[in-house]
Structure formats: C-alpha cells, structure tokens
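# A look at the structure
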Amino acid sequence: MTVDDLNQRFGIFEQVVFQAGQGGLSKININNQFATAEIYLLGGHVTAYQPHGQAPVLWMSDICQFQVGTPIRGGIPVIWPWFGPHPHDDDKPQHGFVRSMLWQVDNTEALADGQTCIALSLNDDVSTQAIWPHTFSLTLQITVGETLQVSLISTNRGDETLDGLGAALHTYFTVGDVAQIAIEGLTGRDYLSKVESYVRKTQQGAITFGSEVDRIYLDTTDVCLIRDPVLQRTMRVSKEGSQSTVVWNPWIDKAQAMADFPDDGYSGMVCVETTRAANDLYSLAPGQSHTLTQIVSVE
Ligand code: BG6
C-alpha cells in the first residue's frame, strides 16, 4: 500500500499520519494530547516516543540503515521466534527474522481517553517459511499515551506444537550518561553474564555501568526503574508475560565494532529488554496465543 492509501484507510486527522520516512519506508507519526511517537512498518518498529515536555524516551542510532532485510538500530526492535543466536544454525539471523520484515497495518484508533492505538501484524509466507518452516501470526498492539504500551501477540496457526520460542521487546532507552545511571528492581536476582561466558551471578544492589554489560536476568517479573541524574528523570519499565529481563550496554569496543552504531553512542543509551530468553522460552500448542507486554513511563 502507498502512503496515500494508508492515510486514506488508516489516517486519523492530525493524530495518525502516514509518511515516507528514511529510505523511503512507510512510517506512522502519532501525535495526541499526551505524546508523540513514530512507528516504521519495517520490523513493526517503534522508533520514537516522547511525552510532551520530556526528552526522547527511546534512543536511536543516527547512522543506521533503513532498508528491508536490515534491522533498525535503536527504538524497540521486535525479536521473534528466537532470542540471540539461532540455537543450532549460525547461518540464521541473530534475534530471529521479524525485525527485518515489513509488517502490515491492521487498525488505528483514537481512544476516548485521548490515547492512540495502532495494530500491526505479520503472518508467515514463503519468505518466512524459507527461514523457519512454521505457520504463525504475530500482532503488535501499540498504545501511545501517558505511557507507551507495546504487546506482541504470537499465535500458532499450524497443527504442531511450537517449542522453544524466544522473544523480546528489545527497548533502547535514552539516558544522559550511562556511567551515571542506576537500574533498580533486580537486586537479589540471578543473571547469566554473556560477557563472562554466561557465568551465573547474583545481582548485588542496583545495576551500574563501567564496562560492557550483557546480562539475562532470570525468574523475574520485576519492574525496573532507570534512575537518570543527568536528565533528572526515572523511566519505569513494567511487563507482563515475561520472566526474564535483558540489560545491555555495548560500551566502547563493541560500539566501535558495530557498523550501525555511533562510536560514542553507548554513553547515551541502555537497553532494558522484556524477554522470553534462556530458561524462559515458551511453547504454543496449535491455535494457542501468547502475549508479551512492556509498559514504559517517565516519572
Ligand atoms: C542484546 C544481546 O539483546 O542484543 C546482545 O544480549 C547483543 O548480546 C544485542 O549484542 C544487540 O544485538 P544485535 O543483533 O541487534 O546487534
């Protein structure tokens, strides 16, 4: 569908506007009484969320490519049906394949309370079957208001159980200086530290940053608070349908090694990801659905 078609069918006067964005890709601009937001159909990717009067909540790389087949760096990548490397085939893309594909618009709605709701979807087709031979549908429900709520609903449309599914809402947050933030909420939780060959450790106190951090926190449904003394705000990350949380900052060397990541970009971001990872993978029986939800707000 062209941008004109999308506006005719799904546009809402001054609140939901479709435009050609970077790389000529279709994006949705949302503006309501609470906030502005931007969503690319590539990846079903929320690339901006900004409550009025606040600094941007989501961090975006300013050197990433916007092209079908390549993931967007920043915002909220949608990761499915595996998290991290494919469990036994290194030729398959890291973090699944849906973040690099074009999603379709199912619905847009101006809610009576002033929030805006967008529903996107992605179903299996010949190209997904070539990577992962299963029948599925994904729906992404994004509600923009005083909070940003994103729900990924995965449904097994085939006739065999899907086992070992992984997923993430891989959110990149803007921070003033990562070396000065503290993430609260995970004290006492065990985690697997990827940068230390997945050794299992227990979190002591708040999480702080002075080198690369890449951790899967286990058995947690906790709310995380990102305390940011530079931007003088706290971001609150809550979730449903997830019992693992990933915290990631690439620090200096890894930032330099990533082509789509600015060398000094690591200091202005942190990822707190609502995941189904490690011991938190899930199964879907035929016809069964699962909902993974992340809710973000600024205090
Ligand atoms: C995190 C992983 O979720 O994503 C990290 O824990 C990884 O190991 C990071 O480096 C970014 O992954 P990608 O594929 O977007 O570069």
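As shown above, the structure is provided for reference.
Described in the following lines is the structure provided in the data block. (Residues numbered from 1 in each chain as written. Predicted model: local features only at pLDDT ≥ 70, side-chain atom pairs only at ≥ 80, totals over all residues. Heavy atoms only, no water.)

### Looking at the site of the ligand
Taken together, the residues surrounding the ligand are Arg-73, Phe-83, Gln-94, His-95, Arg-99, His-170, Lys-194, Asp-214, Val-246, Trp-248, Lys-254 and Glu-273. A distance of 3.1 Å separates an oxygen atom of the ligand from a polar side-chain atom of His-95. One nitrogen or oxygen atom from the side chain of Lys-194 is found 2.7 Å from an oxygen atom belonging to the ligand. In isolation the ligand has 390 Å² of accessible area, and contact with the protein removes 91% of it. (Near = heavy atom within 4 Å. Polar contact = N/O pair within 3.5 Å; in protein donor to acceptor, adjacent residues only side chain to side chain. Areas by Shrake-Rupley, 256 points an atom, 1.4 Å probe, with all protein chains shown as cover.)

### Considering the packing of aromatic side chains
Summed over all chains, the structure comprises twelve aromatic pairs. These aromatic residues form a ring-pair network of at least three members: Trp-80, Trp-82, Phe-97, Trp-132 and Phe-136. (Phe/Tyr/Trp six-rings, centres within 6.5 Å; stacked < 30°, edge-to-face > 60°.)

### Description of empty space enclosed by the protein
A complete count under the given rule lists one cavity of 30 Å³ or more for this structure. The space that makes up the largest cavity amounts to roughly 40 Å³. Looking at the largest cavity, the residues that line it are Asp-222, Cys-224, Val-237, Ser-238, Lys-239, Thr-245, Val-272, Glu-273, Thr-274 and Gln-294. Among the elements of the structure, strand E17 (233-240) and strand E19 (269-276) are those that each provide at least two residues to the lining of the largest cavity. (1 Å grid on protein atoms, 1.4 Å probe; cavity = no way out; pocket = protein on both sides within 12 Å on 5 of 7 lines; lining within 4 Å. Points joined across faces, edges and corners; volume = space filled by probe spheres on them. Helix = DSSP H or I, 4+ residues; strand = E, 2+ residues; numbered from the N terminus.)

### Some thoughts on the layout of surface pockets
A water-sized probe rolled over the atoms picks out the places where empty space is left. By volume, the largest pocket is sized at about 490 Å³. If you trace the largest pocket, you find 27 residues lining it, with Phe-83, Gly-84, Pro-85, His-95 and Lys-194 closest to the centre. Put simply, the parts of the chain that give the lining of the largest pocket at least two residues each are strand E11 (167-174), strand E15 (213-217) and strand E18 (244-249). Of all the elements, E15 adds the most residues to the lining of the largest pocket, at three residues. The class makeup of the residues in the lining of the largest pocket is 13 nonpolar, seven polar and seven charged. Each pocket or cavity is described by its volume, and for the second largest pocket that value is around 240 Å³. In this structure, the second largest pocket is lined by 14 residues; those nearest its centre are His-86, Pro-87, Trp-132, Asp-163 and Gly-164. Sort the elements by how many residues they give to the lining of the second largest pocket and strand E10 (residues 162-165) lands first, with four residues. Tallied by class, the residues present in the lining of the second largest pocket amount to eight nonpolar, four polar and two charged. (Nonpolar A, V, L, I, M, F, W, Y, C, P; charged D, E, K, R; others polar.)

By themselves, these figures tell us nothing about what the structure is for.
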